[in-house]
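Listed below, chain by chain, are the residues.
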Amino acid sequence: MNGLWLVVMGVSGCGKSSLGSALAIGFGLPLIEGDDYHPPANVEKMSRGIALTDADRAGWLATLGHTLADSSLGAVLTCSALKRSYRDQLRAAVPGLRFVFMDIERAEAERRVAARAGAGEHMFPASLVANQFATLESPVGEPGVLAVDATAPLGQLVAQVKAWLPAG
(Lines give C-alpha, C1' and ligand atoms only; values in the text may rest on other atoms or scores of the structure.)
Protein backbone atom coordinates (compact mmCIF):
# COMPACT_ATOMS: atom_id res chain seq x y z
CA MET A 1 0.00 0.00 0.00
CA ASN A 2 1.42 3.38 -0.98
CA GLY A 3 0.43 6.80 0.19
CA LEU A 4 -0.38 5.73 3.75
CA TRP A 5 0.83 7.83 6.65
CA LEU A 6 -0.09 6.35 10.00
CA VAL A 7 0.75 7.22 13.61
CA VAL A 8 0.55 4.50 16.26
CA MET A 9 -0.01 6.50 19.44
CA GLY A 10 -0.61 6.19 23.16
CA VAL A 11 1.10 6.34 26.51
CA SER A 12 4.39 4.62 27.22
CA GLY A 13 3.97 0.88 27.61
CA CYS A 14 0.93 0.54 25.34
CA GLY A 15 2.81 -1.37 22.64
CA LYS A 16 3.34 1.34 19.99
CA SER A 17 6.66 -0.09 18.83
CA SER A 18 5.37 -3.64 18.44
CA LEU A 19 2.27 -2.64 16.49
CA GLY A 20 4.09 0.04 14.51
CA SER A 21 6.76 -2.43 13.42
CA ALA A 22 4.19 -5.07 12.44
CA LEU A 23 2.20 -2.52 10.42
CA ALA A 24 5.31 -1.12 8.70
CA ILE A 25 6.33 -4.63 7.66
CA GLY A 26 2.79 -5.53 6.63
CA PHE A 27 2.38 -2.44 4.46
CA GLY A 28 5.98 -2.34 3.21
CA LEU A 29 6.50 1.12 4.68
CA PRO A 30 9.35 2.64 6.65
CA LEU A 31 9.00 2.70 10.43
CA ILE A 32 9.78 5.98 12.16
CA GLU A 33 10.37 5.22 15.83
CA GLY A 34 9.48 8.53 17.49
CA ASP A 35 11.65 7.94 20.55
CA ASP A 36 14.74 7.81 18.30
CA TYR A 37 14.18 11.47 17.38
CA HIS A 38 14.17 12.93 20.89
CA PRO A 39 17.05 15.37 21.38
CA PRO A 40 19.61 14.40 24.06
CA ALA A 41 18.15 16.93 26.52
CA ASN A 42 14.74 15.20 26.36
CA VAL A 43 16.28 11.76 26.81
CA GLU A 44 18.24 13.06 29.81
CA LYS A 45 15.10 14.54 31.40
CA MET A 46 13.05 11.39 30.92
CA SER A 47 15.83 9.10 32.17
CA ARG A 48 15.91 11.17 35.38
CA GLY A 49 12.13 10.79 35.76
CA ILE A 50 11.32 14.38 34.75
CA ALA A 51 8.25 14.78 32.54
CA LEU A 52 8.61 16.62 29.26
CA THR A 53 6.83 19.93 28.76
CA ASP A 54 5.10 21.24 25.65
CA ALA A 55 8.24 23.30 24.98
CA ASP A 56 10.40 20.16 25.24
CA ARG A 57 8.17 18.37 22.75
CA ALA A 58 7.81 21.21 20.21
CA GLY A 59 11.05 20.66 18.29
CA TRP A 60 10.67 16.89 18.50
CA LEU A 61 7.16 17.05 17.00
CA ALA A 62 8.38 19.40 14.25
CA THR A 63 11.14 16.92 13.39
CA LEU A 64 8.66 14.05 13.33
CA GLY A 65 6.31 16.01 11.06
CA HIS A 66 9.13 16.78 8.62
CA THR A 67 10.32 13.18 8.69
CA LEU A 68 6.80 11.92 7.93
CA ALA A 69 6.32 14.47 5.15
CA ASP A 70 9.68 13.51 3.62
CA SER A 71 8.53 9.88 3.35
CA SER A 72 6.93 10.37 -0.05
CA LEU A 73 5.23 6.96 -0.27
CA GLY A 74 4.06 6.87 3.33
CA ALA A 75 5.36 5.75 6.70
CA VAL A 76 4.35 4.40 10.07
CA LEU A 77 5.31 6.61 13.02
CA THR A 78 5.29 5.57 16.67
CA CYS A 79 4.66 8.62 18.81
CA SER A 80 2.82 9.25 22.08
CA ALA A 81 0.90 12.18 20.48
CA LEU A 82 -0.77 12.74 23.83
CA LYS A 83 -2.48 16.08 23.15
CA ARG A 84 -4.78 17.21 20.37
CA SER A 85 -2.37 20.07 19.63
CA TYR A 86 0.47 17.57 19.09
CA ARG A 87 -1.68 15.52 16.72
CA ASP A 88 -2.77 18.67 14.91
CA GLN A 89 0.87 19.67 14.46
CA LEU A 90 1.56 16.29 12.83
CA ARG A 91 -1.63 16.58 10.73
CA ALA A 92 -0.47 19.97 9.46
CA ALA A 93 2.73 18.34 8.20
CA VAL A 94 0.88 15.44 6.53
CA PRO A 95 -2.74 16.11 5.55
CA GLY A 96 -4.84 12.96 5.76
CA LEU A 97 -2.65 11.52 8.52
CA ARG A 98 -4.34 8.67 10.39
CA PHE A 99 -3.90 7.66 14.03
CA VAL A 100 -4.23 4.31 15.77
CA PHE A 101 -4.79 5.00 19.47
CA MET A 102 -3.63 2.14 21.66
CA ASP A 103 -5.98 2.39 24.61
CA ILE A 104 -4.67 0.88 27.84
CA GLU A 105 -5.43 1.06 31.56
CA ARG A 106 -2.93 2.96 33.69
CA ALA A 107 -2.06 -0.03 35.92
CA GLU A 108 -1.22 -2.20 32.90
CA ALA A 109 0.91 0.54 31.32
CA GLU A 110 2.79 1.02 34.60
CA ARG A 111 3.36 -2.73 34.90
CA ARG A 112 4.73 -2.95 31.36
CA VAL A 113 7.00 0.08 31.69
CA ALA A 114 8.35 -1.13 35.05
CA ALA A 115 9.19 -4.50 33.49
CA ARG A 116 10.95 -2.82 30.55
CA ALA A 117 12.87 -0.40 32.74
CA GLY A 118 13.88 -3.22 35.08
CA ALA A 119 15.29 -5.12 32.11
CA GLY A 120 17.21 -2.02 30.97
CA GLU A 121 15.23 -1.90 27.72
CA HIS A 122 13.94 1.67 27.81
CA MET A 123 14.85 5.19 28.93
CA PHE A 124 11.41 5.89 30.37
CA PRO A 125 10.84 5.11 34.07
CA ALA A 126 7.47 3.82 35.24
CA SER A 127 7.10 6.92 37.44
CA LEU A 128 6.35 9.02 34.34
CA VAL A 129 3.37 6.93 33.21
CA ALA A 130 1.05 8.82 35.58
CA ASN A 131 2.14 12.10 33.98
CA GLN A 132 1.39 10.73 30.53
CA PHE A 133 -2.13 9.74 31.60
CA ALA A 134 -2.61 13.21 33.10
CA THR A 135 -1.47 14.78 29.81
CA LEU A 136 -3.43 12.46 27.51
CA GLU A 137 -6.31 14.05 25.63
CA SER A 138 -8.17 11.11 24.13
CA PRO A 139 -8.29 11.25 20.34
CA VAL A 140 -11.54 9.24 20.25
CA GLY A 141 -13.99 11.14 18.08
CA GLU A 142 -11.34 12.99 16.08
CA PRO A 143 -11.38 12.29 12.33
CA GLY A 144 -9.00 9.62 11.08
CA VAL A 145 -8.61 7.88 14.46
CA LEU A 146 -9.05 4.21 15.29
CA ALA A 147 -9.01 3.22 18.97
CA VAL A 148 -7.83 -0.32 19.73
CA ASP A 149 -7.46 -2.34 22.92
CA ALA A 150 -3.70 -2.32 23.58
CA THR A 151 -3.96 -5.62 25.46
CA ALA A 152 -5.35 -7.50 22.44
CA PRO A 153 -3.01 -9.94 20.63
CA LEU A 154 -0.73 -8.29 18.06
CA GLY A 155 -2.20 -10.24 15.14
CA GLN A 156 -5.69 -9.11 16.08
CA LEU A 157 -4.55 -5.48 16.27
CA VAL A 158 -2.90 -5.66 12.84
CA ALA A 159 -6.09 -7.17 11.38
CA GLN A 160 -8.20 -4.41 12.98
CA VAL A 161 -6.02 -1.68 11.49
CA LYS A 162 -5.98 -3.31 8.06
CA ALA A 163 -9.78 -3.67 8.10
CA TRP A 164 -10.15 0.00 9.08
CA LEU A 165 -7.96 1.40 6.34
CA PRO A 166 -9.28 1.93 2.82
CA ALA A 167 -8.22 -0.71 0.31
CA GLY A 168 -5.17 0.45 -1.57
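Residues numbered from 1 in each chain as written. Predicted model: local features only at pLDDT ≥ 70, side-chain atom pairs only at ≥ 80, totals over all residues. Heavy atoms only, no water.

### Structural notes on the side chain of Glu33
Then, number 1: Along the chain, the position of Glu33 falls in strand 2 (residues 31–33).
Then, number 2: No salt bridge is formed by the buried Glu33; the nearest opposite charge belongs to Lys16, separated by 7.2 Å.
Then, number 3: There is a polar contact of 2.7 Å between the side chain of Glu33 and the side chain of Ser17.
Then, number 4: When neighbours within four sequence positions are excluded, Glu33 is seen to be in contact with Ser17 and Thr78. (Helix = DSSP H or I, 4+ residues; strand = E, 2+ residues; numbered from the N terminus. Buried < 20%, exposed > 50% of the residue type's maximum accessible area, 1.4 Å probe, protein only. Lys, Arg positive; Asp, Glu negative; His and termini not counted. Salt bridge = Lys/Arg side-chain N within 4 Å of Asp/Glu carboxyl O. Polar contact = N/O pair within 3.5 Å; in protein donor to acceptor, adjacent residues only side chain to side chain. Contact = heavy atoms within 4.5 Å.)

### A few points about the side chain of Asp56
Then, number 1: Within the element layout of this structure, Asp56 appears in helix 3 (residues 54–70).
Then, number 2: Judged by relative accessible area, which is 19%, Asp56 ranks as buried.
Then, number 3: A polar side-chain atom of Asp56 sits 2.6 Å from a polar atom in the side chain of Lys45.
Then, number 4: If near-sequence neighbours (up to four positions away) are discounted, Asp56 is found in contact with Asn42, Lys45 and Ala51.

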